[in-house]
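Analysis of the macromolecular model
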Amino acid sequence: AVSRFIAESEADVVFLSEVKLAAWCEDPKAKRGDGRRRERHRPKRGDKRSDEEARLAEDMLRLEGYRAPLWSLSDWRYAGTCVLFRRE
């Protein structure tokens, strides 16, 4: 439904808030608020749940005419954002 809405709207810029994906961390045992460095531009991977959620989000946002999504993700699965820009 989101992919269809974006495609039909032909928006130049799409902003998604409250993206429910955690940011990637080098330490797979990192916990919320532990101060470990996160890579906010890429979704967490490494466990079944995170892998599936990241794959679903990336598939949903792989849209013709748009650049790859730009992420700003949080330590824990809430409050992330995503921006899509039209290529033209």
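Scope of this entry: the structure provided in the associated data block.

Reading the values: the criteria
- Residues numbered from 1 in each chain as written.
- Predicted model: local features only at pLDDT ≥ 70, side-chain atom pairs only at ≥ 80, totals over all residues.
- Heavy atoms only, no water.
- Helix = DSSP H or I, 4+ residues; strand = E, 2+ residues; numbered from the N terminus.
- Buried < 20%, exposed > 50% of the residue type's maximum accessible area, 1.4 Å probe, protein only.
- Areas by Shrake-Rupley, 256 points an atom, 1.4 Å probe, with all protein chains shown as cover.
- Pairing = 2+ DSSP bridges.
- Axes fitted to C-alpha atoms, helices over the stretch in contact; angles between N-to-C directions.
- Salt bridge = Lys/Arg side-chain N within 4 Å of Asp/Glu carboxyl O.
- Phe/Tyr/Trp six-rings, centres within 6.5 Å; stacked < 30°, edge-to-face > 60°.
- Lys NZ or Arg CZ within 6 Å of the ring centre and 35° of its normal.

Re the overall build of the chain
- On a plain count of helices and strands, the chain comes out with two helices and five strands.
- Reading the chain from its N terminus to its C terminus gives the helix and strand order α-β-β-β-α-β-β.
- Across the 88 residues that make up the chain, the buried fraction comes to 32%.
- Counting only carbon and sulfur atoms, one obtains 51% of the accessible surface of the chain, whose full area is about 6300 Å².

What to know about the sheet that holds strand β4 (residues 70–72)
- Pairing is antiparallel across the open sheet formed by three strands, whose spatial order is β1-β5-β4. Each of the sheet's edge strands pairs with one partner strand only, and the pair in question is β1 (13–19) and β4. The sheet shows a mean angle of 15 degrees between the axes of neighbouring strands, taken without regard to direction.
- Pairing between β4 and strand β5 (residues 80–85): three bridges, direction antiparallel.

Focus: unusual backbone geometry
- Not every positive phi belongs to a glycine, and Glu 10 is a case in point at roughly 55 degrees.
- Relative to the elements of secondary structure, Glu 10 occurs in the loop between α1 (2–9) and β1.
- Take Glu 10: its relative accessible area is 58%, and that puts it in the exposed class.
- Despite not being glycine, Glu 18 has its phi angle at roughly 60 degrees, a positive value.

Comments concerning the pattern of salt bridges
- The full count for this structure, using the stated rule, is 14 salt bridges.
- A salt bridge links Lys 44 to Asp 47; the nearest nitrogen and oxygen atoms lie 3.5 Å apart.
- Overall, the relative accessible area of 24% leaves Lys 44 in the partly exposed class.
- Overlapping salt bridges bring together Asp 27, Asp 34, Arg 36 and Arg 38 as one network.

Points about the packing of aromatic side chains
- By the definition in use, this model includes zero aromatic pairs.
- Sitting over the ring of Trp 24, Arg 42 keeps its end group 3.8 Å from the ring centre.

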